[in-house]
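Take a look at the letters that make up each chain.
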Amino acid sequence: MLKRSDSWLNLTQVVANVESALASVLQARHGIGLSEYRALEVLARSPKSELRMQELAAHLRLNQSSVSRLVERLERDSLTIRDLCPADKRGVYTVLTSEGRARLQRALPDYESALDAALAEHGGEQLLSAQGETGAG
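Counting restarts for each chain: residues are numbered from 1 in the order of the written sequence. Confidence filtering applies because this is a predicted model: local features only for residues at pLDDT of at least 70, side-chain atom pairs given and counted only at 80 or more, and all residues used for totals across whole chains, interfaces and linings. Processing note: side-chain calculations cover all non-hydrogen atoms of the structure and skip hydrogens and water entirely.

K.L.:
How do you make sense of the environment of Ser-49 when you look at a structure like this?
P.N.:
When you line up the elements, Ser-49 lands in the loop between helix H2 (34-45) and strand E1 (50-52). Contacts were defined at the residue level, with two residues in contact if any of their heavy atoms lie within 4.5 Å. Leaving out residues up to four positions away in the same chain, Ser-49 has contacts with Leu-43, Ala-44, Thr-94, Val-95, Leu-96 and Arg-101. Numbered from the N terminus, helices here are DSSP runs of H or I no shorter than four residues, and strands are runs of E no shorter than two.

K.L.:
Explanation requested: unusual backbone geometry in the structure shown.
P.N.:
Peptide bonds are, in most cases, trans, and in most cases residues other than glycine have a negative phi. One non-glycine residue, Lys-48, lies in positive phi territory at about 60 degrees. In this structure, Lys-48 sits in the loop between H2 and E1. For Ser-49, which is not glycine, the phi torsion reads 55 degrees and is therefore positive. Note on Ser-49: relative accessible area 10%, which makes it buried. Under the scheme applied here, a residue whose accessible area is under 20% of the maximum for its type counts as buried, over 50% as exposed, and between as partly exposed, the area being computed with a 1.4 Å probe on protein chains only.

K.L.:
Got a minute to help me understand the packing of H2 against helix H3 (residues 53-60) in this structure?
P.N.:
Any two packed helices are characterised by how steeply their axes cross, that is the angle between the axes, and by the distance between the axes. Closest axis-to-axis distance for the H2/H3 pair is 10 Å, and the angle between their directions is 120 degrees. Here H2 is positioned oblique relative to H3, judged by the angle of their axes. For the crossing formed where H2 meets H3, the hand is right-handed. Residues Arg-38, Ala-39 and Val-42 of H2 lie in contact with H3, whose contacting residues are Leu-56, His-59 and Leu-60. Partitioned by chemical class, the residues of the contact of H2 with H3 number four nonpolar, one polar and one charged. For every element, the axis is a line fit to its C-alpha atoms; helices are fit only across the contacting stretch, and the angle between N-to-C directions ranges from 0 to 180 degrees. Should an angle fall under 35 degrees it is taken as roughly parallel, and over 145 as roughly antiparallel, whereas 65 to 115 is taken as roughly perpendicular and any remaining angle as oblique. Take the far helix as your reference; a near helix turned counterclockwise from it by less than a right angle gives a left-handed crossing, and one turned clockwise gives a right-handed crossing. Lys, Arg, Asp and Glu make up the charged group, whereas Ala, Val, Leu, Ile, Met, Phe, Trp, Tyr, Cys and Pro make up the nonpolar group; the residues left over, Gly among them, are polar.

K.L.:
Even after reading the chapter, I still don't get H2, so can you show me in this structure?
P.N.:
Every α-helix winds through 3.6 residues per turn, so residues three or four apart in the chain are directed the same way. In this model H2 runs 17 Å from its N-terminal to its C-terminal C-alpha over twelve residues, within 8% of the 16 Å that 1.5 Å per residue would give. For H2, the set of buried residues is Leu-34, Glu-36, Tyr-37, Ala-39, Leu-40, Glu-41, Val-42 and Leu-43. What a helix should span is 1.5 Å times the count of its residues minus one.

K.L.:
Got a minute to help me understand the pattern of salt bridges in this structure?
P.N.:
When the charged atoms of two side chains lie near each other, side chains of opposite charge can form a pair. Any Lys or Arg side-chain nitrogen located within 4 Å of an Asp or Glu carboxyl oxygen qualifies as a salt bridge. Within this structure, the stated rule accounts for seven salt bridges. A salt bridge links Glu-36 to Arg-73; the shortest N-O distance between them is 2.5 Å. Of the two residues, Glu-36 sits in helix H2 while Arg-73 sits in helix H4 (residues 64-76), which places them 37 residues apart along the sequence. Ionic pairing is found between Glu-99 and Arg-103, a salt bridge with its closest N-O pair at 4.0 Å. With Glu-99 and Arg-103 both in helix H5 (residues 98-122), this residue pair falls four residues apart, about one helical turn. On the basis of relative accessible area, Arg-103 is assigned to the buried category, the value being 14%. One connected set of salt bridges, linked through shared partners, spans Glu-99, Arg-103 and Arg-106.

K.L.:
Teacher, can you tell me more about the nonpolar core here?
P.N.:
For soluble globular proteins, nonpolar side chains are generally found buried alongside one another. Only buried residues count toward a nonpolar core, which is a set of Ala, Val, Leu, Ile, Met, Phe, Trp, Tyr and Cys residues joined through side-chain atoms within 4.5 Å. By size, the foremost hydrophobic cluster in this structure holds 29 residues, and its most contacted members are Leu-26, Tyr-37, Leu-40, Leu-56 and Val-67. Counting residues per element, the ones that place at least two in this core are helix H1 (4-30), H2, H3, H4 and H5. With residues near it in sequence (within four places) discarded, Val-67 still touches Met-53, Leu-56, Ala-57 and Leu-62.

Structure representation (structure tokens):
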């Protein structure tokens, strides 16, 4: 019987392999990294397609410095803009642009295909099925 730590190591290896495959496809076909894709996706799902910088950092599990660099890259490509919070001039929002939404929509089919292929290749489908059977999630 596998120890819990063995199962955890297996899970982390599957996730790392799947994320590597996703990152490769997104970079090669759409010129964005996996973190950029996730940021665009989180913003697209947010009310008004905007989030405070610290909210985006929390969603992506990044520190403030990392999310600032990420947003700078997105701004350079005109995928997002920064906007001041009207109620608190110290608060800064990151706002998805129409170009950012379009890039996300163009990348989505490739992301989904790469996700399906990588999950199948690296055993992720069985892990997801097992999670569904336990009712976790």
